Amino acid sequence: DQQVKQNSPSLSVQEGRISILNCDYTNSMFDYFLWYKKYPAEGPTFLISISSIKDKNEDGRFTVFLNKSAKHLSLHIVPSQPGDSAVYFCAASTQGAQKLVFGQGTRLTINP
Amino acid sequence: DTGVSQDPRHKITKRGQNVTFRCDPISEHNRLYWYRQTLGQGPEFLTYFQNEAQLEKSRLLSDRFSAERPKGSFSTLEIQRTEQGDSAMYLCASSLMAGADSPLHFGNGTRLTVT
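Residues numbered from 1 in each chain as written. Chains lettered and ligands numbered in written order. Predicted model: local features only at pLDDT ≥ 70, side-chain atom pairs only at ≥ 80, totals over all residues. Heavy atoms only, no water.

A. Main features of the overall build of chain B. Helix and strand counts for chain B come out as zero helices and 11 strands. Each helix and strand of chain B, placed in order from N terminus to C terminus, yields the pattern β-β-β-β-β-β-β-β-β-β-β. For chain B, whose C-alpha radius of gyration is 13 Å, the value lies close to the compact-globule estimate of 13 Å for 115 residues. Projected onto the principal axes, the alpha-carbon positions of chain B cover approximately 40 × 25 × 25 Å. Within chain B, buried positions represent 45% of all 115 residues. For chain B, restricting intrachain contacts to residue pairs at least 6 apart in sequence, the fraction spanning at least 24 positions comes to 53%. As presented, chain B carries roughly 5900 Å² of accessible surface, and 43% of it is formed by carbon and sulfur atoms. Between the averaged position of the 14 positive side-chain charges in chain B and that of its 13 negative side-chain charges there is a distance of 7 Å. (Helix = DSSP H or I, 4+ residues; strand = E, 2+ residues; numbered from the N terminus. Rg over C-alpha atoms; globule rule 2.2 N^0.38 Å. Buried < 20%, exposed > 50% of the residue type's maximum accessible area, 1.4 Å probe, protein only. Contact = heavy atoms within 4.5 Å. Areas by Shrake-Rupley, 256 points an atom, 1.4 Å probe, with all protein chains shown as cover. Lys, Arg positive; Asp, Glu negative; His and termini not counted. Charge placed at Lys NZ, Arg CZ, Asp CG, Glu CD.)

B. Region of the structure containing the state of the cysteines. Counted according to the given criterion, the structure contains two disulfides over all chains. Residue Cys23(A) pairs covalently with Cys90(A) via a disulfide, S to S 1.9 Å. Its torsion about the S-S bond being 60°, the disulfide of Cys23(A) and Cys90(A) is classed as right-handed. Of the two residues, Cys23(A) sits in strand S3 (residues 19-25) while Cys90(A) sits in strand S9 (residues 86-94), which places them 67 residues apart along the sequence. Owing to a relative accessible area of 1%, Cys90(A) belongs among the buried residues under this scheme. One disulfide in the model links Cys23(B) with Cys92(B); its S-S distance is 1.9 Å. Of note, the bridge from Cys23(B) to Cys92(B) carries an S-S torsion of about -70° and is left-handed in sense. With a gap of 69 residues between them, Cys23(B) in strand S3 (residues 19-24) and Cys92(B) in strand S9 (residues 88-95) connect regions that are remote in the sequence. No difference in accessibility class separates Cys23(B) from Cys92(B), as the two residues are buried. (Disulfide = S-S within 2.5 Å.)

C. Here's a closer look at the packing of aromatic side chains. On inspection of all chains with the given rule, the structure shows 12 aromatic pairs over all chains. Ring centres of Phe102(A) and Tyr35(B) lie 5.7 Å apart, and the angle between their planes is 90°; on these two criteria the pair is classed as edge-to-face. With one member in each of two chains, Phe102(A) in strand S10 (residues 101-102) and Tyr35(B) in strand S4 (residues 31-37) form a pair that bridges those chains. Side by side, Phe102(A) and Tyr35(B) carry an identical accessibility label, which is buried. Centroid distance Tyr35(B) to Phe106(B): 5.6 Å. Interplanar angle 65°. Geometry classified as edge-to-face. (Phe/Tyr/Trp six-rings, centres within 6.5 Å; stacked < 30°, edge-to-face > 60°.)

D. Inspection of the pairing of strand S11 (residues 110-114) of chain B at higher detail. Residue and element names in this part refer to chain B. Side chains of S11 alternate between two faces, with Thr110, Leu112 and Val114 buried and Arg111 and Thr113 left unburied. Pairing of strand S2 (residues 10-13) with S11, which is carried by four bridges, proceeds in the parallel orientation. When the sheet's bridge partners are listed, His10 is paired in S11 with Arg111. Where S9 lies against S11, three bridges are found, and the strand directions are antiparallel. Considered in S11, the bridge of Tyr90 is made with Thr110. (Pairing = 2+ DSSP bridges.)

E. View of the sheet that holds strand S8 (residues 75-79) of chain B. All names here are of chain B. Strand order in this open sheet of four strands is S1-S3-S8-S7, and the pairing throughout is antiparallel. In this open sheet, the two edge strands, each paired with only one partner strand, are strand S1 (5-7) and strand S7 (65-68). The average undirected angle you get between the axes of adjacent strands in this sheet is 15°. (Axes fitted to C-alpha atoms, helices over the stretch in contact; angles between N-to-C directions.)

F. Spatial organisation of the environment of Thr26(A). Note on placement: Thr26(A) falls in the loop between S3 and strand S4 (30-38). Looking at Thr26(A), the relative accessible area reads 47%, which means it is partly exposed.

Here's what the structure looks like:
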């Protein structure tokens, strides 16, 4: 039962353009969502989060959008830079729960 | 902040052997988590500690797996009688508290290969 899904295994974007990574979830009890970035041979690094009481959270070049009715969130990176090339995981949890449920990841490649 | 440290980085073992991994969390973090990641998948939750108490275990954590955090600081994850299906990246993470203000900080993982 995959409660968090990232349906695009890979995405290729030109440097300077917008990267949009998508994530869908099935558990309506999820109320906290995060994005992590992972480089090869390293652990995931926290990028940005959003609570279910919001529909948008912005941090520099990174913006996360949450559409609760569609059970969908997305991560926008503008402008995309070569250092953004990595695997991106979305994750979700419920109030009071200690564990995160991760999607399968999307490999983002930024082309010069 | 020296980050979450895991040792060893790589472990190759023969099927049936026991292995033990160590995790040193960020010093002021009282919550410690173990996750497992296989190729092409996201990390999967295994278990969680608050201080020295193990408060939740996934059904993925069979009775061959045991985790401890004896003094509420470092943690060990032991796998007994390893099987080829145990081959994976084992990730440790820590946080100061639960909730939106304290995301998990991950270590670089221990990659286990069972031959």
